[in-house]
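Architecture at a glance
So you can see what is in the structure, the chains are spelled out below.
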Amino acid sequence: MKNTAIWALAIWVLVMAFVTCIPGRAAAQIDPYDIQDAFGRFPFARVIPLDNGNAWGMIYVDVYGRIYLKRATNRGWKREFEITNLGAKVKSYDILDVEQDGVLELVISTMAGRILIYSLDDYTNTWENIEDDFTSIEAFDIENVDHDPQVEFIVLANGTLYIIDSIDKSRQWISERKFTATELIVANVDKDEQKEIILNTGIVIDTKFYVIDLEWDKPFGERISTFDFNNDGIPEVIGEFSDYSLRIFDVYSQREIW
């Protein structure tokens, strides 16, 4: 009985501590930076500004492929917007001004091959790749790879790599070769002027002539990023594996450095 009373008291203290952190239940409101710190490790959750920076919200993806945008208010979290009809898990999402009209868009790719754009001004669906015959998207990124004003969608779909113009949605390039990867990024990892498409399976593709610059016999990692470790002005590829171990690869010298 004594142990039961102690556990009950401990649970009550924890509940009260949690409740006092909810906006509207105490004088102090949740700081958006605290929320970003809490969710910063998760790529599918991020804090975003609302109302031209006068408010803020949190956008996140759940395990069922639904996307939610919650607005922070003095009375708690208010559901601002949701997308529940994607029909598959989300592969990636990005927030940027795709149309270059001063309005931010939410760009979503799904594992079942859909690419959708929603305006964050009025939350309308402004475009979807309904004419594409993608049945899967293995990797997706958004970058400017050809030095024109707009960005491109870099899509690995059904094993084929596509470069799609973000304004008119035309296909600028389609690979003849099939690739396997679960993640890709775009960065300049050698000494030429153009960027490279980096697949996490160990392949680096030039974005000017679309030739393979490097095909390593090992994967870079399950999740990849870039950083200039040796201060030579050229970033290295950082690969993280599911056990959180790292591999760091210098594409320019074509060698593993860590």
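Going along each chain's sequence as written, the residues are numbered from 1 onward. For a predicted model such as this one, the threshold for reporting local features is a pLDDT of at least 70, and the threshold for listing and counting side-chain atom pairs is 80 or more; totals across whole chains, interfaces and linings nevertheless cover every residue. Just so you know, side-chain values use all the structure's heavy atoms and leave hydrogens and water out.

1. Digging into the overall build of the chain
Note the following rule: Working definition: helices are DSSP H or I runs of at least four residues, strands are E runs of at least two. Numbering for both runs from the N terminus. Here's how the labels work: a residue is buried when its accessible area is under 20% of the maximum for its type, exposed when over 50%, partly exposed in between, all with a 1.4 Å probe on protein chains only. Every residue pair with non-hydrogen atoms within 4.5 Å of one another is taken to be in contact. Each accessible area is a Shrake-Rupley estimate made with a 1.4 Å probe; only the visible protein chains count as cover when residues are assessed.
Assigned secondary structure in the chain consists of two helices and 20 strands. Counting only residues that meet the buried cut, the chain has 41% of its 258 residues in that class. For the chain, the proportion of contacts with a sequence separation of at least 24, taken over those separated by at least 6, is 30%. Working note: accessible area of the chain is about 14600 Å², and carbon and sulfur atoms make up 54% of it.

2. Side note on the confidence of the model for the chain
Formally: pLDDT gives the predictor's per-residue confidence on a scale running from 0 to 100.
For the chain, per-residue confidence averages 87 on the pLDDT scale, and 84% of positions sit at 70 or higher. Within the model, the stretch residues 1-28 combines pLDDT values under 50 with ten contacts to residues more than four positions away or in other chains.

3. Examining the packing of aromatic side chains
In plain terms, the rule: Between rings of Phe, Tyr and Trp, where Trp is taken as its six-membered ring, a pair exists when centres lie within 6.5 Å; planes separated by under 30 degrees are stacked, by over 60 edge-to-face, and by other angles tilted.
Taken as a whole and judged by the stated rule, the model has 14 aromatic pairs. Look at Phe44 and Tyr93: their rings are 6.0 Å apart centre to centre, the planes differ by 35°, and that puts the pair in the tilted class. Highlighted residues: Phe44 in the loop between helix H2 (32-39) and strand E1 (45-50) and Tyr93 in strand E5 (residues 90-96), separated in sequence by 49 residues. Residue class for Phe44 comes out partly exposed when judged on its relative accessible area of 28%. Taking relative accessible area as the criterion, Tyr93 reaches 4% and is therefore assigned buried.

4. Thoughts on the sheet that holds strand E11 (residues 160-165)
The test is simple: Pairing between two strands requires that DSSP report at least two bridges joining them. With axes taken as lines fitted to C-alpha atoms, and helix axes fitted only over the stretch in contact, angles between N-to-C directions fall between 0 and 180 degrees.
Spatial strand order, E9-E10-E11-E12: four strands in an open sheet with antiparallel pairing. Each edge of the sheet is formed by a strand with only one pairing partner; in this case those strands are strand E9 (137-143) and strand E12 (171-174). Across the sheet, the mean angle from the axis of one strand to that of its neighbour is 15°, orientation sign disregarded. Judged from the six bridges that link them, E9 and strand E10 (residues 152-157) form a sheet pairing that is antiparallel. For Ile137, the partnering residue across the bridge sits in E10 and is Ala157.

5. As for the sheet that holds strand E7 (residues 115-119)
Read from one edge to the other, the open sheet built from four strands follows the order E5-E6-E7-E8, with strand pairing classed as antiparallel. Each having just a single partner strand, E5 and strand E8 (125-128) make up the two edges of the open sheet. Looking at each pair of strands side by side, their axes are set apart by 15° on average, direction ignored. Sheet topology note: the E5/strand E6 (residues 105-110) ladder contains six bridges and is antiparallel. Across the sheet, Val90 pairs through a bridge with Thr110, a residue of E6.

6. Quick word on the pattern of salt bridges
The cut-off we apply is this: Think of a salt bridge as a Lys or Arg side-chain nitrogen and an Asp or Glu carboxyl oxygen that are within 4 Å of each other.
Enumeration over the complete set of coordinates arrives at eleven salt bridges. Linking Arg114 and Glu128 is a salt bridge whose minimum nitrogen-to-oxygen distance equals 2.7 Å. Of this pair, Arg114 sits in the loop between E6 and E7 while Glu128 sits in strand E8, placing them 14 residues apart in sequence. With relative accessibility at 22%, the residue Arg114 sits in the partly exposed group. A salt bridge links Arg171 to Asp132; the nearest nitrogen and oxygen atoms lie 2.5 Å apart. Within this pair, whereas Arg171 is found in strand E12, its partner Asp132 is found in the loop between E8 and E9, the two being separated by 39 residues in sequence. The class for Arg171 is partly exposed, based on a relative accessible area of 37%. Residues joined by salt bridges that share partners form a network here, namely Asp51, Arg71 and Glu80.

7. Re the side chain of Asp148
Here is the rule: Just so you know, the count uses Lys and Arg for positive and Asp and Glu for negative, and it drops His and the chain ends.
Inspection of the secondary structure assignment puts Asp148 in the loop between E9 and E10. Lys195 is the oppositely charged side chain nearest to the buried, salt-bridge-free Asp148, at an N-O distance of 10.0 Å. Ignoring any residue separated from it by four or fewer positions in sequence, one finds Asp148 in contact with Asp165 and Gln172.

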